[in-house]
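Residue-level listing of the chains:
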Amino acid sequence: MNDSSIFDCVILPLSKIHNRAGNITIIEGDRNIPFEIKRIYYLYDIPGGASRGGHAHKDLYQLVVAASGAFDVLLDDGRNKKVVTLNRPDYGLMIVPGIWRELMEFSSGAICLVLASNLYSESDYLRNYDEFRSYKTSNDPSAG
Ligand code: TYD
């Protein structure tokens, strides 16, 4: 999706069932979030000052959740940029295809949970920023 914008990347409130013994948040694919979940991964033990990401995806939808701690997500569609801080396990940031992202400013002990709409595929990545920019300015959605 090469015409997507950072404004398509929205914070989704997630369910939260609260009781004296703690909270539970449930995410069901195609029910609480607008895509089927095919893959889950999480980032943890992230050293202070490290940044992750630095790429875009051509077709992948993702929901990013600060399951613990906090971090910032820089979103860039080639025209506009914004930084979203995630610091609550009951909110998720949906990142649509065609968005360059960088994850940074991880707090100590942060856990970044990612729900993804597809299995891992290196050919879905745009890892070079110039390549990403030409993908976004191309009229052919399959270009890149
Ligand atoms: P990458 O997506 O580049 O990490 P990040 O964006 O968090 O900095 O992935 C890091 C490495 O892990 C890379 O060698 C690819 C591999 N990887 C998989 O094999 N499967 C996966 O589902 C993911 C997300 C990464």
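Our subject in this report is the structure included herewith.

Here is what the cut-offs are and how they apply
- Residues numbered from 1 in each chain as written.
- Predicted model: local features only at pLDDT ≥ 70, side-chain atom pairs only at ≥ 80, totals over all residues.
- Heavy atoms only, no water.
- Pairing = 2+ DSSP bridges.
- Helix = DSSP H or I, 4+ residues; strand = E, 2+ residues; numbered from the N terminus.
- Buried < 20%, exposed > 50% of the residue type's maximum accessible area, 1.4 Å probe, protein only.
- Polar contact = N/O pair within 3.5 Å; in protein donor to acceptor, adjacent residues only side chain to side chain.
- Contact = heavy atoms within 4.5 Å.
- Arc of directions from axis to C-beta.

**Regarding the sheet that holds strand β7 (residues 71-76)**
At step 1: Reading across the sheet, the five strands line up as β8-β7-β10-β5-β12 and stay open at both edges, with antiparallel pairing between neighbours. Edge positions in the open sheet fall to β8 (81-86) and β12 (125-126), since each of these has one partner strand only.
At step 2: Note that strand β5 (residues 52-57) and strand β10 (residues 100-104) share three bridges and pair antiparallel. For Arg 52, the partnering residue across the bridge sits in β10 and is Leu 103.

**Things to note about the side chain of Gln 62**
At step 1: By the secondary structure assignment, Gln 62 is in strand β6 (residues 62-68).
At step 2: Classification of Gln 62 by relative accessible area gives buried; the value is 2%.
At step 3: Among the polar contacts listed, one links the side chain of Gln 62 to the side chain of Arg 101, at a separation of 2.5 Å.
At step 4: Not counting residues within four places of it along the chain, the set of residues in contact with Gln 62 comprises Phe 35, Tyr 41, His 57, Leu 93, Met 94, Ile 95, Arg 101, Val 114, Leu 115 and Ala 116.

**Some points on helix α1 (residues 129-137)**
Note on helix geometry: an α-helix contains 3.6 residues per turn, so any two residues three or four positions apart are oriented the same way.
At step 1: Within α1, the full set of buried residues consists of Phe 132, Tyr 135 and Lys 136. The buried residues of α1 occupy an angular sector of 95° when projected down its axis, which confines them to one face. Exposed side chains of α1 directed beyond 90 degrees from the buried face belong to Asp 130 and Thr 137.
At step 2: On its buried face, α1 sits against β5, β7, β10 and β12.

**Comments concerning unusual backbone geometry**
At step 1: One non-glycine residue with positive phi stands out, namely Asp 45, at about 55°.
At step 2: The residue Asp 45 is located in the loop between β4 (39-43) and β5 in this model.

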